[in-house]
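Per-entry structural report
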2 protein chains.
Amino acid sequence: MTETNHRKPTAEVISIGDEMTSGARLDTNAQWLSRRLAELGVEVLFHTTVCDSMDCNVDVFRTAVRRVDVVVCTGGLGPTRDDLTRDALAEASGKVLEFRQQAMDKIERLFATRQRPMSQRNRLQAMFPKGSTTIPNPQGTAPGIDQTFDQGDETTCRVFALPGVPAEMKPMFDQTVAPAIAMMTGGGSVIRSLVMKFFGTGESAMEERLGEMISRDRIPRVGITVSAATLSLRITASSDSALRCDQMIAETRDEIMSRVGDLYFGEGEDFEQYHAIDQLLRGRKESLVVVELGYAAPLGDWFATLGVTPTYRGGISLATSGQLMRLTSAASFDASLDEIKSRFDADWLLLVDPYPAIEEADRSGMPTADVSIVVVDPTGQRHTTSTHIGGHPEILQPRIAKSAMAWLRTWL
Amino acid sequence: MTETNHRKPTAEVISIGDEMTSGARLDTNAQWLSRRLAELGVEVLFHTTVCDSMDCNVDVFRTAVRRVDVVVCTGGLGPTRDDLTRDALAEASGKVLEFRQQAMDKIERLFATRQRPMSQRNRLQAMFPKGSTTIPNPQGTAPGIDQTFDQGDETTCRVFALPGVPAEMKPMFDQTVAPAIAMMTGGGSVIRSLVMKFFGTGESAMEERLGEMISRDRIPRVGITVSAATLSLRITASSDSALRCDQMIAETRDEIMSRVGDLYFGEGEDFEQYHAIDQLLRGRKESLVVVELGYAAPLGDWFATLGVTPTYRGGISLATSGQLMRLTSAASFDASLDEIKSRFDADWLLLVDPYPAIEEADRSGMPTADVSIVVVDPTGQRHTTSTHIGGHPEILQPRIAKSAMAWLRTWL
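All of these numbers come straight from a predicted model, not from anything done at the bench.

Turning to the sheet that holds strand β2 (residues 43-50) of chain B, a few remarks are in order. Overall, mixed pairing links the 12 strands, which are arranged β6(A)-β7(A)-β8(A)-β3(A)-β1(A)-β2(A)-β2(B)-β1(B)-β3(B)-β8(B)-β7(B)-β6(B) in an open sheet. The sheet is open, and its two borders are formed by β6 (133-135) of chain A together with β6 (133-135) of chain B, each paired with just one other strand. On average, adjacent strands in this sheet sit at an angle of 20° to one another, irrespective of strand direction. Its contacts with the sheet place helix α2 (residues 29-39) of chain B against β1 (10-16), β2 and β3 (70-74) of chain B, and it is angled at close to 160° to β1(B). Sheet strands touched by helix α3 (residues 54-67) of chain B: β2 (43-50) of chain A together with β1, β2, β3, β7 (144-150) and β8 (156-162) of chain B. Its angle to β1(B), the strand with the most contacts, is close to 170°.

A separate point is the nonpolar core. Of all hydrophobic cores here, the largest spans 62 residues; its most connected members are A:I14, A:F61, A:V159, B:I14, B:F61 and B:V159. Leave out the neighbours within four places in its chain, and A:I14 touches A:T48, A:V50, A:V60, A:F61, A:A64, A:V71, A:V72, A:C73 and A:T74. Counting residues in each nonpolar core, the second largest holds 30 residues, with A:V289, A:L349, B:F344 and B:V376 among its members.

Of all seven residues making up strand β14 (residues 312-318) of chain B, six are buried, and the element is well covered by its neighbours. Pairing geometry for strand β14 (residues 312-318) of chain A and β14(B), over three bridges, is antiparallel. Bridging across to β14(B), A:I316 finds its partner in B:I316. One ladder, built from six bridges, connects strand β13 (residues 288-294) of chain B with β14(B); its direction is parallel. Bridged to B:V290 within β14(B) is B:G315. Between β13(B) and its parallel partner β14(B), the chain crosses via helix α10 (residues 298-304) of chain B, and the hand of that crossover is right-handed.

Turning to the pattern of salt bridges, a few remarks are in order. Under the definition given, this model contains 44 salt bridges over all chains. Close ionic contact of B:R67 with A:D59 constitutes a salt bridge, the shortest N to O distance being 2.7 Å. Taken together, the residues span two chains, with B:R67 in helix α3 and A:D59 in helix α3 (residues 54-67). A:D59 carries the same exposure label as B:R67, and that label is buried. The network of salt bridges with shared partners includes A:E12, A:R66, A:R67 and B:D59.

A few words now on the UniProt feature "domain: MoaB/Mog" (unreviewed entry) in chain A. Cross-referencing UniProt, the feature "domain: MoaB/Mog" (unreviewed entry) maps to residues 12-183 of chain A in the present numbering. For residues 12-183 of chain A, the end-to-end C-alpha separation is 18 Å, with 40% helix and 24% strand making up the annotated structure.

Superposition of chain B onto chain A requires a rotation of 180° combined with a translation of 0.0 Å along the rotation axis, giving an RMSD of 0.1 Å. Such a turn and shift between the copies fits a two-fold axis. Same-surface contact between copies: 98% of interface residues of chain B are shared with the interface of chain A.

A few words on the domain arrangement of chain A. Residues and elements named next belong to chain A. Taken domain by domain, chain A holds domain 1 (10-184), domain 2 (190-267) and domain 3 (273-410). Each of domain 2 and domain 3 was reduced to a C-alpha centroid, and the two centroids are 30 Å apart. Domain 2 puts seven residues into the contact, and the matching count from domain 3 is nine residues. Interface area for domain 2 against domain 3, summed over the two sides, is near 640 Å², with a carbon-plus-sulfur share of 66%. Ranking the residues of domain 2 by area buried against domain 3 places F199, A228 and F265 at the top, with a combined share of 75%. Linking domain 2 with domain 3 are zero salt bridges. Where domain 2 meets domain 3, there are three residue pairs in polar contact (both at pLDDT 80 or more). Taken together, the residues of the side of domain 2 that touches domain 3 sort by class into five nonpolar, two polar and no charged.

What counts as what
Residues numbered from 1 in each chain as written. Chains lettered and ligands numbered in written order. Predicted model: local features only at pLDDT ≥ 70, side-chain atom pairs only at ≥ 80, totals over all residues. Heavy atoms only, no water. Pairing = 2+ DSSP bridges. Helix = DSSP H or I, 4+ residues; strand = E, 2+ residues; numbered from the N terminus. Axes fitted to C-alpha atoms, helices over the stretch in contact; angles between N-to-C directions. Contact = heavy atoms within 4.5 Å. Core = buried A, V, L, I, M, F, W, Y, C linked by side-chain atoms within 4.5 Å. Buried < 20%, exposed > 50% of the residue type's maximum accessible area, 1.4 Å probe, protein only. Right-handed = clockwise from strand over helix to strand, strands pointing away. Salt bridge = Lys/Arg side-chain N within 4 Å of Asp/Glu carboxyl O. UniProt positions renumbered as here; feature names shortened; annotations may be inferred. Least-squares fit on C-alpha atoms with pLDDT ≥ 70 in both. Domains from an automatic or database assignment. Buried area = accessible area lost by both parts, 1.4 Å probe. Polar contact = N/O pair within 3.5 Å; in protein donor to acceptor, adjacent residues only side chain to side chain. Nonpolar A, V, L, I, M, F, W, Y, C, P; charged D, E, K, R; others polar.

Spelled out as structure tokens, the structure:
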């Protein structure tokens, strides 16, 4: 683990657009950028969202460049009258805008490739504040801007302006901005990362078990995020060589596994427990049916995303176990599970009994529920766990569903 | 429709907390407040999110009060060392903090009621900048702060500081801040609102049909929001009497219905099409089963939230129509639908065939799909519609599910 002597840079993330200040759209770019910047060792002190007004934009840039080392802004780079970022940057820095033929050629080629007519206004997208650098945009027309503001007192602030469309913004950040920032923090220009997924504990318990591994100063940095009770650890390494990055990540991965490997279920940003179950069942050449009782049925929706796979036979959701028995005309609840398993031609059955009602009155509190989770295995044996489960009402049902998948995984 | 002579006030929304600047948590308060402020006729020019540092907090307050008329900030009012809002307000305004026994009494009563020990640090929550007003918090310990900043040039900026917990922040805004702001905009201190729900068109087509009704200057104001293809119109009226508010809302509601009544399905922030279907089926004393094929099954999850109702019999999800036929051992696909309807003892069946696969490669584009939606009515007759449907991958499946519910509603 190499330490560096560089002071930790500070940052502000700026999002531009009336659709966010009016509340019509939620700003998710700022969160994504903040996580990435933290992983690069940059401390984000401010987010600012600003409406599409020239005065407000200039004010926001002037305020930002005097209080942080790095600014990443998104939005306002399109060809319409509302798109003010390049003018605001020019105004705030006192630089003129200059036309760049090379950028124009790229924009024209893109329109030709897509066989769409180019508007005269698109020429604006080839205008840049004097002294700034162009950030390539592989996915769209608007190039980004990399401009250093001189603060007069020997300090500078580097502003990276990117488009607001996430599909364009994200690759531009990863390909150009992140390496530039890694150079500033002394980490080297190659950046690699790995996302590991975990389920079965809370965020603070996870942090406790990881200890100093999630320290902001660790190299490589390990970032923790939680989404509806699923924990993600993202290892980000920067170095001068990809090989060295991969070595650093592998070492850190091993250390993480030695501490919290019992909760690990897979790798990749979008990898969920149902993907892990799909893989486990493929290995065994076996299949599953899911039965959900009560006031939710998220597993049916999640497993459906697997689509046509030999491992998933389908899902069924009903309000009560009585309805399940009437549906199957079986003599007992156990027999009705057996009948469902056989009708769906599945080796395994996973039952959640039941998802609780979430009363309106509880929405501000923390409801809890007693839930039975039953796995019926290929031999017909039942494995039942009863869990008293609580949590914020918005994530209580997903948490129950995820606990059910974790229970199934213990038998696979 | 009464017009007023007041200039439209401008606002900044400030969110305080490391958990947001680090990207660990998404800020949803700013969006909620921006919508409410817009409905009150206030123009939000800036959102700012700031980390838990005293210098940064003071900087943010000083910047905000010089550039807008109203500031609403959330967070930083708790009893811990990270909670800096009251100190930052005092510092930014040059006022001292004073202890208020009345606020302390309330905090002590709350702890006594909840039978929890009170920490000495909770005394901090009874400290207020001199000259400010206390905003009552019916749900929690931290009162809010209503402080007017004098800008020296005969202009003032009014700052409302509220807790970050949405369950406390929202009622405090609605009960105290909104009436105060309505007084500033000349609308009267009583505020009423009504949310109407619509499905079946896009946001811009809806805006076109509503025309000047959604103008920012209209009284009462009509705000439009979209969530996964469901459109909400919120009518907000302020006046000196509740009766007058209700009259204004009723008139506006009639005008909206005359323009877009064909897309209307109900009222209330959380009212969805499955609630409308539940009501329609209750009226007919009939029931429904839902069958979802393909790569999603959101209807099963949504209808399950109705819980134990005589109208909903359950849901089933499978990858393909072939699997449905194998499951029922019926001779034809139509016969398998009849068998499902009869097995679930349902009068109506709603089939989505199929939800498409959303390829990873399409995630940045706009996938489209051909989907059949079939309603089988109580007489066994089939009503089929085929739709070529597209949209952002994140909302394509919900949009298909909502189109299916809209199709079912046309037969009820």
